[in-house]
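Summary of the model geometry
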Amino acid sequence: KMTDSQRAWRISQGSRDIVVCVIDTGADTSHPDLINNLWVNKGETGKDKWGKDKQKNHIDDDGNGFIDDVHGWNFVGNNNDLKDEHGHGTHIAGIIGAEGGNGIGISGVSPKVSLMILKYYDAHGNDLNNLVNTVKAIDYAVAKDCNIINYSGGGIAPSPEERAAIERANRKGILFVAAAGNERSNSDVRKYYPADYGLENIISVTAIDRFKNVLPTSNFGEQTVDIAAPGNDIISTLPGGQYGYMTGTSQATAFASGVAALVMANNPQLRKAADIKKYLTKTGDDDEKLAGK
């Protein structure tokens, strides 16, 4: 209710021209509520010169260094298998852009959108690997000119490489929507990254419940957190064509990305990160419960 999606959809339901890159644990690309809203890499579709389907001809048709990257890339396995063993990425993708009006499941905040799936997270890997994969994923999204990067993750250690990658995104005007983190702390005092690099294209999102209280687990900060969005017991898509509930600033971040996608679809003048960040923070509702948060 807080995002007032129903009213927003009377103005815009989004557009497949808006590409939201979900850098996460992968996604269930065959989920009936996601399958029609996946980004499609045009360079890897159609027929090659031998009449083979470019989607699975094991050739890097668009010459970007990735073979058959039709809907994105798995930086963990270094292949095009986007399978989500964790569930988190599928949940995030659904909040942003589960298909609307298809008679099943849920509708994402932006029921029409193109979801680019980039898998960076390996539950069995170490933080360094995940960080290296994050940087590669950001650079992929930048090279493919996505509009919004959704990053529902992070940690308390900064990385110059990660910051530089987000700066490269900023130079292209790409909005970087980042989770404020679930460390129960004031990030003005104890920073959380990538949300707190302080770059103009980063919007840091914390989570609130239906009564607009910041969740006890969520990071907060007057200087560091830009906006709050719903993040408590959110239903969304899960692997295996399922649905379920999750809680956290990750979910709130996906709401913010979905709203940004709607705004961009409705107003071609609002495509640059700094402009859309200003728009989202200025048009959000003030609430006394968020004072000091």
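Residues numbered from 1 in each chain as written. Predicted model: local features only at pLDDT ≥ 70, side-chain atom pairs only at ≥ 80, totals over all residues. Heavy atoms only, no water.

1. So, the overall build of the chain
Within the chain, the regular secondary structure consists of six helices and nine strands. The C-alpha radius of gyration of the chain comes to 18 Å, within 12% of the 19 Å expected for a compact globule of 293 residues. With respect to the principal axes defined by its C-alpha atoms, the chain has extents near 65 × 45 × 35 Å. Taking all 293 residues of the chain together, 51% fall into the buried category. Nonlocal contacts in the chain, meaning residues at least 24 apart in sequence, comprise 72% of its contacts between residues at least 6 apart. Of the roughly 13,300 Å² that the chain leaves accessible, carbon and sulfur atoms contribute 48%. (Helix = DSSP H or I, 4+ residues; strand = E, 2+ residues; numbered from the N terminus. Rg over C-alpha atoms; globule rule 2.2 N^0.38 Å. Buried < 20%, exposed > 50% of the residue type's maximum accessible area, 1.4 Å probe, protein only. Contact = heavy atoms within 4.5 Å. Areas by Shrake-Rupley, 256 points an atom, 1.4 Å probe, with all protein chains shown as cover.)

2. Here we look at the sheet that holds strand E1 (residues 14-24)
With parallel pairing, seven strands are arranged side by side in an open sheet as E2-E3-E1-E4-E5-E6-E7. Lying at the two open borders of the sheet, with one neighbouring strand each, are strand E2 (72-74) and strand E7 (227-230). For this sheet the average axis-to-axis angle between neighbouring strands, irrespective of direction, equals 30°. Taken together, the four bridges between strand E6 (residues 202-208) and E7 define a ladder with parallel strand orientation. Bridging from a neighbouring strand, Val205 pairs with Ile227 of E7. Its contacts with the sheet place helix H6 (residues 273-283) against strand E5 (175-179), E6 and E7, and it is angled at close to 30° to E6. (Pairing = 2+ DSSP bridges. Axes fitted to C-alpha atoms, helices over the stretch in contact; angles between N-to-C directions.)

3. Considering the nonpolar core
With 40 residues, the main nonpolar core has Val20, Leu115, Ile117, Ile148, Leu175 and Ile276 as its most contacted residues. Where this core is concerned, the elements lending two or more residues are E1, helix H2 (88-97), strand E3 (112-119), E5, E6, helix H5 (249-266) and H6. At nine residues, H5 tops the list of elements feeding residues into this core. Val19, Trp73, Tyr151 and Ala169 belong to the second largest nonpolar core, which has 30 residues in total. (Core = buried A, V, L, I, M, F, W, Y, C linked by side-chain atoms within 4.5 Å.)

4. What about the packing of aromatic side chains?
The relative placement of two aromatic rings is captured by the distance of their centres and the angle of their planes. Under the definition given, this model contains nine aromatic pairs. With 5.2 Å between their ring centres and 35° between their planes, Tyr120 and Tyr151 make a pair best called tilted. Of the two residues, Tyr120 is situated in the loop between E3 and helix H3 (127-143) and Tyr151 in strand E4 (residues 148-151); the sequence distance between them amounts to 31 residues. By the burial criterion, Tyr120 is buried, and Tyr151 matches it. (Phe/Tyr/Trp six-rings, centres within 6.5 Å; stacked < 30°, edge-to-face > 60°.)

5. Thoughts on H3
The terminal C-alpha atoms of H3 lie 24 Å apart, and with 17 residues this matches the ideal 24 Å at 1.5 Å per residue to within 8%. Three or more residues of H3 are buried, namely Asn130, Asn133, Thr134, Val135, Ala137, Ile138, Tyr140, Ala141 and Val142. (Expected span 1.5 Å × (residues − 1).)

6. Digging into helix H4 (residues 160-171)
A rise of 1.5 Å per residue sets the reference length of H4, with its 12 residues, at 16 Å; its end C-alpha atoms lie 16 Å apart and thus fit the reference within 8%. Inspection of H4 places Glu162, Ala165, Ile166, Ala169 and Asn170 among the buried residues, and these make up the whole buried set. Down the axis, H4 shows its buried residues gathered within 150° of arc, on one side only. Those residues of H4 that are exposed and angled more than 90 degrees off the buried face are Pro160, Glu161 and Arg171. In this fold, the buried residues of H4 make contact with H3, E4, E5 and E6. (Arc of directions from axis to C-beta.)

7. Overview of the pairing of E1
Across the 11 residues that make up E1, a large majority, nine, are buried. Of the pairings in the sheet, the one linking E1 to E3 comprises seven bridges and is parallel in character. In the strand pairing of E3, Asp24 is matched with Lys119. The pairing of E1 with E4 spans four bridges and is classified as parallel. Within E4, the residue paired with Val20 across the bridge is Ile148.

8. Here's the deal with the side chain of Ser110
With respect to the element layout, Ser110 can be found in the loop between H2 and E3. Separated by 2.9 Å, the side chain of Ser110 and the backbone oxygen of Lys112 make a polar contact. In this structure, Ser110 is in contact with Gln13, Gly14, Asn37, Ile96, Gly97, Gly258, Ala261 and Leu262, ignoring residues within four places of it in sequence. (Polar contact = N/O pair within 3.5 Å; in protein donor to acceptor, adjacent residues only side chain to side chain.)

9. Let's talk about the environment of Asp122
Relative to the helices and strands, Asp122 is located in the loop between E3 and H3. Counting along the chain gives 46 residues from Asp122 to Val76, while the straight-line C-alpha distance between them is 6.3 Å. With residues up to four places along the chain from it excluded, the contact list for Asp122 reads Val76 and Asn130. From its side chain, Asp122 meets the backbone nitrogen of His124 in a polar contact 3.0 Å long.

10. Focus on the packing of H3 against H4
Running from N to C, H3 and H4 cross one another at 10°; their axes reach a closest spacing of 9 Å. What the angle tells us is that H3 and H4 run roughly parallel. The segment H3 lies against H4, with Leu131, Thr134, Val135, Ile138, Asp139 and Val142 engaging Glu161, Glu162, Ala165, Ile166, Arg168 and Ala169. (Parallel < 35°, antiparallel > 145°, perpendicular 65-115°, else oblique.)

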